[in-house]
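Structure assessment
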Amino acid sequence: MPDIKFIIENKELVEDGLRKKGYEKKDLDLDALIGLHQKISALKTSSQALAEEKNKLSAQIKSASNEERPAIIAKSKELGEQFKVEEQELGRLQEEFDLMMLKVPNLPSDDAPVGKDDSENVVRRYVGEVPHFDFTPKDHIELMAVNDWAEMERIAKVSGSRTYAIKNELSKLELAMHMFVLDKLRGYGFQVITVPSISKEKPLYGQGYLPFSRDEVYYLPQDDLYLSGTAELILNSLRADEILTENELPILYAGFSPCFRREAGAAGKDTRGLVRVHQFMKTEQFVICKNDMAESEKWHQQLLKISEEVLQDFELPYRVLEVCTGDMGAPKYRQYDLEAWVPSQNCYRETHSCSNITDWQARRTNLRYRANADGKVKFVHTLNNTGIATPRALVPFIENHQNADATVNIPAKLQPYMNGVKVIGKNAK
RNA sequence: GGAUAGAUGGCCGAGUGGUCGAAGGCGCACGAUUGGAAAUCGUGUGUACCUCCAAAGGGUACCGUGAGUUCGAAUCUCACUCUAUCCGCCA
């Protein structure tokens, strides 16, 4: 949510941004928002004038003579009544205004491709060679079955659809991937942090999950708590309401957590296998930096570079997609997705999502810092990107690295995390 | 789940109805002192909003959150939330 003053002063710019993001007047009425703000300002002016007068009278009471006092008290009381009425009206309007502001999305970057949905995302580059098998490659579900790597049917009986239980070498691989990425991030100066998957409601507004996607999130009514869909949710609120010093920035978190998603809007999509599950593990990259476009653009590129490096180290062919304005979520200023090649589906599937949020989340969590140059308090910028998310990443991994005998090669960089094992599977020597 | 204690500024901590945006200390910034530093001394040091706007100024609100009593609340009342400790349970 941009600043209301910015919205008023740059109304056309904001309207243009809303249009690009696919908003219509029925989604968000800027004129109503601005009108509400003007009403609130006017009411504040008058109610504050009342408060001032009332305060002045109250201050006189102690020193007033016994004759004067009753009149002053009566007058003050009268002002108090008026004040109360205006305060109540103000509270009502403010609440309405706040709710509306929560719905204002971030404005997209001028450099972001303009488009209405994912069909208009732009491929920036292809990296790595798509493998050509001289045998019929298996999909990841077959590979898991052949190698006794999973309990897909049985776990569905226990835990329902879109759940997974993987075992033996594959679960070792899953955890190894996270260890590998966490070590890499540590090398880049990130603090490794394991965070809860349980959240109060407020952080969901802070991140921008609410009020937009309530259907997507698990809710625990007994405790009025939510299950987190990503460590970003938690990390974004970890420093909420703080005023940091500029010297503390940037703050780099490598967050690890189980993640939960209802996948309510994905009925029928990816129902089999490991691509889309209700619970998964994610190592997340999260950055808090100065309020400076050059600075956050730099971090955006850095995060992208790190995740590309992960896919390269895993020797997976992938492409870099720049997400168009209509497909970006409300919080985003600019977004890249990485998609790795999935042989069985003959297409690229998303493994990473890298976003610059600028100050949009920081305004919601009230996370600020004091700038060294002028001593002014400013909102930070936040950015996030996947480090690695499993089990989805296992899908391209085992499919691309499979051999004719259903064994799977472990890329050199990952072997140290697998006790030096080079090949896994039933037929591995 | 049971019991108790608590929540005040960047931190510690005083404050039981007006003189309290809030003593004192620490920290921080600037200045003096010094060859330089430490120590010492002095000065300053919250946020949001309204008004005004070149700047300054003036004002309102904020002592966990919300409501109430009162001319007036950090202070009194009620509800809630959170935190800590002990007991119970437990990976």
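Since the structure is predicted, the reported quantities are computational estimates derived from the model, not experimental observations.

The subject of this paragraph is the protein's contact with RNA strand B. Near RNA strand B you find 20 residues, and of these Gln 48, Ser 58, Ile 61, Ser 76 and Arg 370 are the closest. Taking the atoms of RNA strand B that fall within 4 Å of the protein, sugar and phosphate contribute 76% of them. The separation between a sugar or linking oxygen of RNA strand B and a polar side-chain atom of Thr 45 is 3.0 Å. Between RNA strand B and Arg 368 there is a distance of 3.1 Å, counted from a sugar or linking oxygen to a side-chain nitrogen or oxygen. Those elements giving two or more residues to the surface near RNA strand B turn out to be α3 (30-61), α4 (69-101) and β12 (368-370). Looking at the surface near RNA strand B, the element that brings in the most residues is α3, giving nine residues.

So, about the sheet that holds strand β5 (residues 225-227). An order of β3-β5-β4 is seen for the three strands of this open sheet, with the pairing classed as antiparallel. Looking at the sheet topology across the chains shown, the edges are occupied by β3 (198-199) and β4 (219-220). Pairing analysis gives two bridges linking β4 to β5, with the strands arranged antiparallel. Each residue of the ladder has a partner; that of Leu 220, found in β5, is Leu 225.

Our next topic: the pattern of salt bridges. One pass over the full model with this rule turns up 33 salt bridges. Arg 92 is the partner of Glu 89 in a salt bridge, and the nearest nitrogen-oxygen pair spans 3.2 Å. Here Glu 89 and its partner Arg 92 are both found in helix α4, three residues apart, which amounts to about one turn of the helix. On the basis of relative accessible area, Glu 89 is assigned to the partly exposed category, the value being 30%. The partner of Arg 363 in a salt bridge is Asp 359, with the nearest N and O atoms 3.2 Å apart. Connected via shared salt-bridge partners are Lys 11, Glu 15, Lys 25, Asp 29 and Asp 31.

Moving on, we come to the pairing of strand β11 (residues 347-358). Two faces belong to every sheet, and in a regular strand the side chains alternate between them. Burial of β11 is extensive: 10 of the 12 residues sit out of reach of the surface. Taken together, the nine bridges between strand β10 (residues 334-342) and β11 define a ladder with antiparallel strand orientation. Across the sheet, Asp 337 pairs through a bridge with Ser 353, a residue of β11. Where β10 folds back onto β11 in an antiparallel hairpin, the turn is made up of four residues, including Asn 346, whose phi is positive at roughly 55°.

Contact pair helix α2 (residues 11-20) / α3: the axes reach a minimum separation of 11 Å and the direction vectors enclose 140°. It follows that α2 is oblique to α3 by the angle criterion. α2 and α3 meet at a crossing whose hand is right-handed. The residues of α3 that touch α2, namely those facing Lys 11, Val 14, Glu 15 and Leu 18, are Leu 30, Asp 31 and Ile 34. A class-by-class count of the residues in the contact of α2 with α3 yields four nonpolar, no polar and three charged.

What follows concerns the packing of helix α7 (residues 169-187) against helix α10 (residues 293-313). Orientation of α7 relative to α10, taken along the N-to-C sense of each, is 140°, at an axis distance of 11 Å. Comparing the axis directions of α7 and α10 gives the class oblique. The handedness of the crossing between α7 and α10 is right-handed. Here Phe 180, Val 181, Lys 184 and Leu 185 of α7 lie close against α10, whose contacting residues are Ile 306, Glu 309, Val 310 and Asp 313.

This paragraph deals with the nonpolar core. The nonpolar side chains of soluble globular proteins are, as a tendency, buried together. Membership of the largest hydrophobic core comes to 55 residues, with the highest contact counts inside it found for Met 144, Leu 173, Phe 314, Phe 397 and Ile 398. Sorting elements by how many residues they give to this core places α7 first, with eight residues. Aside from chain neighbours lying at most four places away, what touches Phe 397 is Leu 173, Met 177, Phe 314, Leu 316, Val 408, Asn 409, Ile 410, Pro 411 and Leu 414. The next biggest cluster of nonpolar side chains, apart from the first, holds 23 residues, and it includes Ile 193, Val 217, Ala 362 and Tyr 369.

Here we take up the sheet that holds strand β9 (residues 318-322). With respect to topology, eight strands assemble into an open sheet ordered β1-β9-β10-β11-β14-β8-β7-β2, the strand pairing being mixed. Where the open sheet ends on each side, the last strands, each with one partner, are β1 (122-127) and β2 (191-194). Neighbour-to-neighbour, the strand axes of the sheet open up by a mean angle of 25°, direction not taken into account. Sheet topology note: the strand β7 (residues 251-260)/strand β8 (residues 279-289) ladder contains 10 bridges and is antiparallel. Paired with Gly 255 across the two strands is Glu 284, which belongs to β8. Contacts from helix α9 (residues 231-238) reach β2, β7, β8 and β14 (381-390) within the one sheet, and its direction differs from that of β7 by about 140°. Contacting β1, β7, β8, β9, β10, β11 and β14, α10 crosses the sheet at an angle of about 5° to β14.

Another aspect to go through is the confidence of the model for chain A. Here chain A averages 92 in pLDDT, while 100% of its residues score no lower than 70. With a pTM of 0.93, the predicted complex shows an ipTM of 0.83.

Rules used in this analysis
Residues numbered from 1 in each chain as written. Chains lettered and ligands numbered in written order. Predicted model: local features only at pLDDT ≥ 70, side-chain atom pairs only at ≥ 80, totals over all residues. Heavy atoms only, no water. Near = heavy atom within 4 Å. Polar contact = N/O pair within 3.5 Å; in protein donor to acceptor, adjacent residues only side chain to side chain. Helix = DSSP H or I, 4+ residues; strand = E, 2+ residues; numbered from the N terminus. Pairing = 2+ DSSP bridges. Salt bridge = Lys/Arg side-chain N within 4 Å of Asp/Glu carboxyl O. Buried < 20%, exposed > 50% of the residue type's maximum accessible area, 1.4 Å probe, protein only. Axes fitted to C-alpha atoms, helices over the stretch in contact; angles between N-to-C directions. Parallel < 35°, antiparallel > 145°, perpendicular 65-115°, else oblique. Left-handed = near helix turned anticlockwise from the far one by under 90°. Contact = heavy atoms within 4.5 Å. Nonpolar A, V, L, I, M, F, W, Y, C, P; charged D, E, K, R; others polar. Core = buried A, V, L, I, M, F, W, Y, C linked by side-chain atoms within 4.5 Å. pLDDT = per-residue confidence, 0-100.

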